[in-house]
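Spelled out, the chains give:
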Amino acid sequence: MADAQVQRTNTLEVINESNMHNVPKGSESHFKVVVVSMDFENLSLIKRHRMVNDVLKDELAGGVHALSIQAKTPSQWSQNSSVSQSPACLGGMAREMANNKS
Amino acid sequence: MSFIGRRAFFSLGYRLHGKNNGISFARGLSSYSSAESGSKEHIDDLVKKDDIVIFIKGVPEQPMCGFSNAVVQILRMHGVEKFGSYNVLDDDSLRQGIKDYSSWPTIPQIYFKGEFVGGSDIMLEMHQNGSLVEELQNLGIRSALLDGEKQ
């Protein structure tokens, strides 16, 4: 789907946020990735996110349930390198597990 | 019908009818739907029914996921009252269908005038950088935040 690829990455942070959710201890289900890359220059947010989603498509098709993405260019990152907080879980995961879905 | 009985019934139904005649049972026990709810044609209709359409987990009054809630709260902050909202937790076919429709692997998903805008991260960023106010203006909606600034 994505026609461009993330080739040059300046910063890559992968944060496991699974413990914020109602999942078994040690789960790897909810993640946030922070990607800073020159390849995002002049690209819309939606295109940047598609590039990241594409890199992670196997993970998303497998056990990864939620993925929050922050995709910035190096100049954006140098102006503001704060990583936004993910919202609190509202219990939907418990219902989904009860329904036997991933 | 017992738990096991229900399950057997559903899997039997699925096998008998197959996927292509429009009748299929979703995998979940508590939710089922016709195959059409996740079809491209049906989703085309849904996303064009209202200027703003969101696909979330839960309902706007009670979102079941923090990311879905963020989208609802951002719309509320801008004073947007009228938008279409569909609960993917109630409909497995829609849940998969919407991901295929936009080639986007996660929920929530937001559409303006039938066009895919993004997920909650993008909505939040548009809210923070001010572009959401402009996008709403393009839809003929005046953001309540503009009025707030004047006072």
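Owing to the predicted nature of the structure, the values given are computational and were not obtained by experimental measurement. (Residues numbered from 1 in each chain as written. Chains lettered and ligands numbered in written order. Predicted model: local features only at pLDDT ≥ 70, side-chain atom pairs only at ≥ 80, totals over all residues. Heavy atoms only, no water.)

Residues and elements named next belong to chain B. By the definition in use, this model includes five aromatic pairs over all chains. Judged by centre distance (5.0 Å) and plane angle (65°), the ring pair of Trp104 and Phe116 falls under edge-to-face. Residue Trp104 is located in the loop between helix H4 (92–102) and strand S5 (109–112), and its partner Phe116 is located in strand S6 (residues 115–118); the two are separated by twelve residues in the primary sequence. For Phe116, a relative accessible area of 15% gives the class buried. On the numbers, 5.3 Å between centres and 50° between planes, the contact of Tyr111 with Phe116 is tilted. The two residues Tyr111 and Phe116 agree in class, both being buried. The rings of Phe55, Tyr86, Tyr101, Trp104, Tyr111 and Phe116 are connected pair by pair, giving a single aromatic cluster. (Phe/Tyr/Trp six-rings, centres within 6.5 Å; stacked < 30°, edge-to-face > 60°. Helix = DSSP H or I, 4+ residues; strand = E, 2+ residues; numbered from the N terminus. Buried < 20%, exposed > 50% of the residue type's maximum accessible area, 1.4 Å probe, protein only.)

Working definition: the strands of a sheet are paired by backbone hydrogen bonds and lie parallel or antiparallel to each other. Residues and elements named next belong to chain B. The mixed open sheet is built from four strands, whose spatial order is S4-S1-S5-S6. Only two strands of the sheet have a single partner each, and these edge strands are strand S4 (84–87) and S6. Geometrically, the sheet is characterised by an average inter-axis angle of 25° between neighbouring strands, direction not taken into account. Note: strand S1 (residues 52–56) against S5, four bridges, orientation antiparallel. Bridge pairing links Val53 to Tyr111 in S5. (Pairing = 2+ DSSP bridges. Axes fitted to C-alpha atoms, helices over the stretch in contact; angles between N-to-C directions.)

The next thing to look at is the environment of Lys49 of chain B. You can see Lys49 of chain B is positioned in helix H2 (residues 40–49). Considered as a pair, Lys49 of chain B and Phe83 of chain B are 34 residues apart in the sequence and their alpha carbons are 9.4 Å apart.

Turning next to the confidence of the model for chain B. Mean pLDDT over chain B stands at 82; residues scoring 70 or higher make up 75%. Within the model, pLDDT remains below 50 along residues 1–32 of chain B, and this stretch shows 37 contacts once partners closer than five positions in the same chain are excluded. (pLDDT = per-residue confidence, 0-100. Contact = heavy atoms within 4.5 Å.)

Moving on, we get to the pairing of strand S2 (residues 30–37) of chain A. All names here are of chain A. The buried count for S2 comes to eight of eight residues, which makes it a mostly enclosed element. Of the two faces of S2, the one carrying His30, Lys32, Val34 and Val36 and the one carrying Phe31, Val33, Val35 and Ser37 are both buried. With seven bridges connecting them, strand S1 (residues 9–16) and S2 associate as antiparallel partners. In the sheet register, Leu12 faces S2, and the bridge partner there is Val35. Sheet analysis places S2 next to strand S3 (residues 66–72), joined by seven bridges and oriented parallel. Following the sheet pairing, Val35 is matched in S3 by Ala71.

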